[in-house]
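Here's the letter readout for the chains.
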Amino acid sequence: MIKNFLNKLPKKQVKSAESRDGGSLTLSSNASTTSRINSASSARPGNVNSLENNSTQNSGVNHGNKLHDPLHNKANGSSPPVPYEALPGFRDVPSAEKQNLFIRKLSMCCVVFDFTDPTKHLKEKDIKRQTLVELVDYVSSANGKFSDVVLQEIVRVVSTNLFRTLSTQPRENKVLEGLDVEEEEPLMDPAWPHLQIVYEFLLRFVTSPETDAKLAKRYVDHAFILRLLDLFDSEDPREREYLKTVLHRIYGKFMVHRPFIRKTINNIFYRFIFETEKHNGIAELLEILGSIINGFALPLKEEHKLFLVRALIPLHKPKCIPMYHQQLTYSITQFVEKDCKLADTVIRGLLKYWPITNSSKEVMFLGELEEVLEATQPPEFQRCMVPLFRQIGRCMSSSHFQVAERALFLWNNDHIENLIKQNRRVILPIIFPALEKNARNHWNQAAHSLTLNVRKIFSDVDPELFEECLLKFQEDEGRDEEAKVKREATWRRLEEIAISKGASNEAVLIPHKALLTTQPSS
């Protein structure tokens, strides 16, 4: 009798331990979540059957079967534990057993299947998918704090399913230009129907009021966040969209991890800018940062200003900037709106990385410049207006009509026009040559018309200054013409000497005084 009792004792202890953290977690059917995940997944390639079919198929499964520990079976393409059968639903067990069942279902979902072969493990994939949907519903409707054991199992499921080696398309023979990359077909992960549910599960877990951040930070730790950020290089845009939402929620909930998240994103940017210039998730990371920057308290910390100077501004350097320029512009503008004194730093940074031969990139820079100038105040504008309008003048006289138009469009912005008018005595002499040359002979009619409008603005505001600039331009033009004539005379003189000495083999020597008399005067 004693021996029989002792044989039963471990089983009772395990059961007691499993139900110890039970409590009164209840489940309310989350039909919207189930239907949304089901409809999204069924439309993706690689999906086998819908959730409704899974439910029907699994309704006759023997729920008494025990699941073996799946930890040793988590390699891609590995055979699932035997038997791999569905566990009972949460509605089919008492409330005290639900948390125990939840842990068993989590353990069951730690098996990773090979989705590159859609013919393998069809039944097991359906069972796992249905189980994942049940886990999402359970987390969404939980009404008790998640315990240590549950948190550990949740993070283990997420880590096992999401953290993997990303597959990439070969790009060795392609020029990494922004437009080329945008036109490429993105690589769609065949495992996405399951990955999507795991991401939804992680998102519901992070946003759940039952997730205690102080307790969960031991499992959602730096190593977890680091591997999560590594996934932003995924070529599947659906995965990056989920990652963006999840990371933003983690940043909001786990305040202790905020400096680490910012530092890690900085490191991703540094490697992208100065080493690889290849990363698929820069736009999504910048979108997260734009929201973070928007919440910065004033006065800005030195750390945040260094991030602007060392990471955001150098992001204008890579060739593939069209992929993320919109998000970059928003982040840059947020800094200027937070602290107007940073406008000078930002504008000089733009001028430092200003493109020389890439006209489409130049158009983007001019658009960003307009947004920055719109948030710039007069004192900061005056600090950088000389180098700024030297560059704008070069853009105005560009032979590429889009660059010239975009530069002249700056006068359509009332705030920028007022800044220019207030400082016209410095600005007009800088850009006047470009205005005159455009008005005389720019080949594009739109650029020509816009130039005439800008000239009229200056002549109406300050006719005297306009006349002074016109006279100076004509004087400079006269000197240039005189220098041109002298230069041509010099070449003619050289040609005549060469012809006169051409019959002999003697070296042609030009007297130094003769050259001095034909040099243009400075």
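Residues numbered from 1 in each chain as written. Predicted model: local features only at pLDDT ≥ 70, side-chain atom pairs only at ≥ 80, totals over all residues. Heavy atoms only, no water.

Basically, it comes down to this: UniProt positions are given in the numbering used here, feature names are shortened, and annotations may be inferred rather than shown by experiment.
Under the annotation held in an unreviewed UniProt entry, the protein carries the name Serine/threonine protein phosphatase 2A regulatory subunit and is attributed to Salvia divinorum. The record held by UniProt for the protein lists under Function (unreviewed entry) the comment "The B regulatory subunit might modulate substrate selectivity and catalytic activity, and also might direct the localization of the catalytic enzyme to a particular subcellular compartment."

**Brief notes about unusual backbone geometry**
Spelled out, the test is: Runs of E in the DSSP output that reach at least two residues are strands. Runs of H or I that reach at least four are helices, and both are numbered from the N terminus. Classification of residues uses two cut-offs on accessible area relative to the type maximum, computed with a 1.4 Å probe and protein chains only: under 20% is buried, over 50% is exposed, and between them is partly exposed.
Looking along the chain, the bond that leaves Leu298 and enters Pro299 is cis, with omega of -5 degrees. By secondary structure assignment, the location of Pro299 is in the loop between α13 (282–294) and α14 (302–312). A positive phi is found at Glu277, a non-glycine position, where the angle reads about 55 degrees. Its place among the elements puts Glu277 in the loop between α12 (258–276) and α13. Take Glu277: its relative accessible area is 19%, and that puts it in the buried class.

**A look at the nonpolar core**
The condition is simple: Here the nonpolar core consists of buried residues drawn from Ala, Val, Leu, Ile, Met, Phe, Trp, Tyr and Cys, with membership extended through side-chain atoms lying within 4.5 Å. Pairs of residues are marked as contacts when any of their non-hydrogen atoms sit within 4.5 Å.
Among the nonpolar cores identified, the biggest contains 133 residues, and Phe102, Phe269, Leu312, Tyr324 and Phe389 are the most heavily contacted of them. The leading source of residues in this core is helix α8 (residues 192–207), at 10 residues. Setting aside residues up to four positions removed in sequence, Leu312 forms contacts with Leu286, Ile293, Phe307, Leu328, Ser331, Ile332 and Phe335.

**Considering the confidence of the model for the protein**
Note the cut-off: The predictor reports its confidence for every residue as pLDDT, a score running from 0 up to 100.
Taken as a whole, the protein shows an average pLDDT of 82; of its residues, 77% reach a score of 70 or greater. Ignoring residues within four places in sequence, the model shows residues 172–182, a span with pLDDT below 50, making 16 contacts including any to other chains.

**So, the side chain of Glu362**
Operational definition: A positive count includes Lys and Arg, and a negative count includes Asp and Glu. His and the chain ends are not counted in either. The term salt bridge refers to a pairing of a side-chain nitrogen on Lys or Arg with a carboxyl oxygen on Asp or Glu at a separation within 4 Å. Under this definition, polar contacts are N or O atom pairs within 3.5 Å; protein pairs additionally need one hydrogen-donor-capable and one acceptor-capable atom, and for neighbouring residues in sequence, both atoms have to be side-chain atoms.
Within the element layout of this structure, Glu362 appears in helix α17 (residues 359–374). Of the side chains with opposite charge, Arg394 lies nearest to the buried Glu362, which makes no salt bridge, at 7.2 Å. There is a polar contact of 3.1 Å between the side chain of Glu362 and the side chain of Trp354.

**So, helix α23 (residues 463–500)**
An α-helical turn contains 3.6 residues, so any two residues separated by three or four positions project in the same direction. For clarity, the cut-off: What a helix should span is 1.5 Å times the count of its residues minus one.
Spanning 38 residues, α23 covers 55 Å between terminal C-alpha atoms, matching the ideal 56 Å at 1.5 Å per step. For α23, every residue scored as buried is listed here: Leu465, Phe466, Cys469, Leu470, Phe473, Ala483, Thr490 and Ile497.

**What about the packing of α12 against α13?**
Where we set the bar: Angles shown run from 0 to 180 degrees and are taken between the N-to-C directions of axes, each axis being a line fitted to C-alpha atoms and, for helices, limited to the stretch in contact. For classification purposes, an angle smaller than 35 degrees is called roughly parallel, one larger than 145 roughly antiparallel, one from 65 to 115 roughly perpendicular, and anything else oblique. It is the rotation of the near helix from the far one that decides the hand of a crossing: anticlockwise by less than a right angle makes it left-handed, clockwise makes it right-handed. Think of it as three bins: nonpolar holds Ala, Val, Leu, Ile, Met, Phe, Trp, Tyr, Cys and Pro, charged holds Asp, Glu, Lys and Arg, and polar takes everything else, Gly as well.
Close contact between α12 and α13 brings their axes to 11 Å; oriented N to C, the two are set at 140 degrees. One way to sum up the angle between α12 and α13 is to call them oblique. Note on packing geometry: the crossing formed by α12 with α13 is left-handed. Contacts between α12 and α13 involve Ile265, Ile268, Phe269 and Phe272 on the former and, on the latter, Ile282, Leu285, Leu286 and Leu289. Of the residues belonging to the contact of α12 with α13, the class tally is 8 nonpolar, no polar and no charged.

**A word on the packing of helix α21 (residues 424–441) against α23**
Look at α21 against α23: their axes get within 10 Å of each other, and the N-to-C directions meet at 60 degrees. By the angle between their axes, α21 is oblique relative to α23. The two elements α21 and α23 meet at a crossing, and its hand is right-handed. Across the interface between the two elements, Arg424, Arg425, Leu428, Pro429, Phe432, Pro433, Glu436 and Arg440 of α21 pack against Leu465, Phe466, Glu468, Cys469, Leu470, Phe473 and Glu477 of α23. Here the residues of the contact of α21 with α23 are counted per class, giving 9 nonpolar, no polar and 6 charged.

**Brief notes about the environment of His304**
With respect to the element layout, His304 can be found in helix α14. Along the primary structure His304 and Phe335 are separated by 31 residues, whereas in three dimensions their C-alpha atoms are 9.1 Å apart. In contact with His304, other than residues within four places in its own chain, are Arg262, Phe296 and Phe335.

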